[in-house]
Amino acid sequence: MRKYYRLIGTGKTSLALKYCLNFKEENPLGVAWKFKCSSIELLKESMHELWLQITTNCNKNINQSQPTDIEELENIIIKELRCRENLSYSHIFLFDGVTSISKAYVVRFSSKCMHVSNMTIIMTTPLWIDITDSKVVHIEGFSFTEAAHLFQINPENAGVACETLAKMLCYNPFAMCIAKAYMRRCHMTFDTMVKVLKEHGWHAMENSKITKDEFNDQPLTSLFG
């Protein structure tokens with residue numbers, strides 16, 4: 001198991017998705033799935049979507065009694081994967097954005113998954129989760145040079161306002177992407193963006209319609225081909 005651990009927005013999911021997509025290219029017949037784990041409801045929804053996908057791919061009757069309990073979903077998914085063990089397929093599950101709310105459920109499910117042959121588990125979380133036989137990868141924030149490149153500016157010509165904005169956002173890649181989109185849509189300069197953040201705070205920008213339009217997060221992303 002790999003765990004990508006650090007603050008929210010530091011690029012854990014992007015790195016994990018890149019790994020998953022490369023894995024899927026090398027293992028086209030295996031199951032690759034991203035679970036949204038910010039809440040128990042989203043985790044359950046992700047598991048149910050995977051159950052539907054597996055059921056459809058196996059030409060099974062989806063009109064049968066559908067599992068409603070999260071532990072029942074876990075066991076059905078594990079059973080289906082174990083049925084494929086003799087085919088030597090490799091699978092990968094990404095548990096993305098694990099929170100203190102979903103932690104216990106994710107740990108329980110991922111522990112079961114680790115007993116499936118040829119299964120790779122990736123977990124992204126700002127929490128410290130101690131799981132045996134796991135490798136922790138720490139993801140740090142951007143440097144100023146990387147931040148300037150994200151804003152598509154030469155670091156040598158970035159200016160004080162650009163550096164101030166990056167510092168205010170703690171060099172957090174996701175936060176800077178939101179700020180970049182916000183500035184583009186509102187035709188703002190770095191100076192104006194800094195002023196807006198000082199006057200209204202981060203949450204005003206984070207909760208704006210612009211941000212929600214540009215960064216609409218779906219409850220589940222399938223990595224099936």
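Use the structure listed above.
This report concerns the structure included in the present document. Here the structure is a predicted model, which means the values were calculated and not measured. (Residues numbered from 1 in each chain as written. Predicted model: local features only at pLDDT ≥ 70, side-chain atom pairs only at ≥ 80, totals over all residues. Heavy atoms only, no water.)

Observations regarding the pattern of salt bridges
- Throughout the structure, instances matching the rule amount to 7 salt bridges.
- When the shortest N-O distance is used, the salt bridge between D96 and K36 registers 3.5 Å. Separated by 60 residues along the polypeptide, D96 in strand β3 (residues 91–96) and K36 in strand β2 (residues 32–36) bring together distant segments of the chain. Across the pair, K36 and D96 agree in class, each one buried. (Salt bridge = Lys/Arg side-chain N within 4 Å of Asp/Glu carboxyl O. Helix = DSSP H or I, 4+ residues; strand = E, 2+ residues; numbered from the N terminus. Buried < 20%, exposed > 50% of the residue type's maximum accessible area, 1.4 Å probe, protein only.)

Examining the nonpolar core
- Among the nonpolar cores identified, the biggest contains 26 residues, and F35, L43, M47, L50, F93, F95 and F109 are the most heavily contacted of them.
- Within the residue set of this core, elements represented by two or more residues are β2, α2 (40–57), α3 (70–83), β3, α4 (103–113) and β4 (119–125).
- By size, the runner-up hydrophobic cluster in this structure holds 23 residues, among which are A147, A161, A175 and F190. (Core = buried A, V, L, I, M, F, W, Y, C linked by side-chain atoms within 4.5 Å.)

Concerning the side chain of S102
- On the secondary structure map, S102 appears in the loop between β3 and α4.
- A polar side-chain atom of S102 sits 2.5 Å from the main-chain carbonyl oxygen of C37.
- Other than its neighbours up to four places away in sequence, S102 contacts C37, S39 and I40. (Polar contact = N/O pair within 3.5 Å; in protein donor to acceptor, adjacent residues only side chain to side chain. Contact = heavy atoms within 4.5 Å.)

Focus on the side chain of T125
- Inspection of the secondary structure puts T125 in strand β4.
- With a relative accessible area of 1%, T125 lands in the buried category.
- A distance of 2.8 Å separates a polar side-chain atom of T125 from the backbone oxygen of V98.

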